[in-house]
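Next come the chains, spelled out residue by residue.
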Amino acid sequence: IDLERLLQDTADDTEVEEHPAFTLFAEGPGRIVVTVPAGSTEELEAPFRNSAIKCTPIGTVTADAELLVRGAPGKPLLQLDLEKLERAWNAELPFD
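For every chain, the first residue of the written sequence is number 1, and numbering continues from 1 along that sequence. This being a predicted model, a pLDDT of at least 70 is required before a residue's local features are given, and a value of 80 or more before pairs of side-chain atoms are given or counted; all residues contribute to the totals for chains, interfaces and linings. Excluded from the side-chain calculation are hydrogens and water; included are all heavy atoms of the structure.

Another aspect to go through is the overall build of the protein. Per the secondary structure count, the protein includes five helices and two strands. Along the protein, from the amino end to the carboxyl end, the secondary structure elements read α-α-α-α-β-β-α. Partly exposed describes any residue whose relative accessible area lies between the buried limit of under 20% and the exposed limit of over 50%, with all areas from a 1.4 Å probe on protein chains only and scaled to the type maximum. Burial statistics for the protein: of 96 residues in total, 9% are counted as buried. We call two residues contacting when some pair of their heavy atoms lies within 4.5 Å. Across the protein, every contact between residues at least 6 apart in sequence was considered, and the portion connecting residues at least 24 apart equals 40%. Note on areas: Shrake-Rupley with a 1.4 Å probe; residue coverage comes only from the protein chains shown. For the protein, the accessible area works out to roughly 8200 Å², and carbon and sulfur atoms hold 55% of it. By the criteria applied, helices consist of DSSP H or I runs no shorter than four residues and strands consist of E runs no shorter than two, each listed in order from the N terminus.

Below, the structure is given as structure tokens:
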């Protein structure tokens, strides 16, 4: 995931620019994440070219067993092992 690409869309928002976590964890009804096969991005992006709706590629799926999030200007912000992330996602929450 390349947060710098998202920051280009929020260039006037200094809070987001100074704190990449705002961009990484921002929620809203206007954002969705879509994964398409390599070579199919053109087909996905084409309908948005003359639209007010933005379509911004933010990353690439690789065979690496890690999640790499780059902040601005392309420096690693997070580098996490996918197996550990899956275990944490499947673990029970401690509500004691």
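Now that the structure has been shown, we can carry on.
As a further point, take the pairing of strand E2 (residues 76-81). A pair of strands is labelled paired if DSSP reports no fewer than 2 bridges between them. The sheet contact formed by strand E1 (residues 66-70) and E2 spans five bridges and is antiparallel. Across the sheet, the residue bridging to valine 69 is leucine 78, located in E2.

Once that is clear, we can look at the confidence of the model for the protein. In the predicted model, the protein carries a mean pLDDT of 80, and 77% of its residues have values of at least 70. Ranking the elements of the protein by mean pLDDT puts helix H2 (residues 14-18) last, at 51, and helix H5 (residues 82-90) first, at 93. The predictor attaches a confidence to each residue, called pLDDT, with possible values from 0 through 100.

The subject of this paragraph is the environment of leucine 24. Relative to the helices and strands, leucine 24 resides in helix H3 (residues 20-25). According to the relative accessible area criterion, leucine 24 is partly exposed, its value standing at 25%. Between the alpha carbons of leucine 24 and aspartate 2 there is a distance of 9.7 Å; along the sequence they are 22 residues apart. When near neighbours in sequence (up to four residues on either side) are disregarded, leucine 24 contacts Leu3, Val69 and Leu78.

Take the pattern of salt bridges next. Put simply, a salt bridge is a Lys or Arg side-chain nitrogen that is within 4 Å of an Asp or Glu carboxyl oxygen. Counted by the stated rule, this structure contains two salt bridges. Between glutamate 83 and arginine 87 there is a salt bridge, with its nearest N and O atoms 3.1 Å apart. Of this pair, glutamate 83 and arginine 87 both sit in helix H5, four residues apart, roughly one helical turn.

Right, let's talk about a nonpolar patch on the surface for a bit. Patch members must show over 30% relative accessible area and no salt bridge, and they are joined within 9 Å when carrying like charges or within 5 Å when they are nonpolar side chains of Val, Leu, Ile, Met, Phe, Trp or Tyr. Taken together, Leu80, Leu82 and Leu85 make up a surface patch of nonpolar side chains, about 200 Å² in accessible area. Examined against the element boundaries, leucine 85 turns out to sit in helix H5.

A word on H5. Counting buried positions over the nine residues of H5 gives zero, only a small fraction of the element. Of the residues flanking the start of H5, the one acting as N-cap is aspartate 81, its side-chain oxygen 3.1 Å from the backbone nitrogen of glutamate 83. Between N or O atoms, a polar contact is any pair within 3.5 Å; within protein, one atom must be a potential hydrogen donor and the other a potential acceptor, and residues adjacent in sequence are included only when both atoms are from side chains.

Right, let's get into the environment of leucine 67. For leucine 67, the position within the fold is in strand E1. Along the sequence, leucine 67 and leucine 85 sit 18 residues apart, while their C-alpha atoms lie 8.8 Å from each other. Those residues in contact with leucine 67, other than ones at most four positions away along the chain, are Ile1, Leu78, Gln79, Leu80, Leu82 and Leu85.

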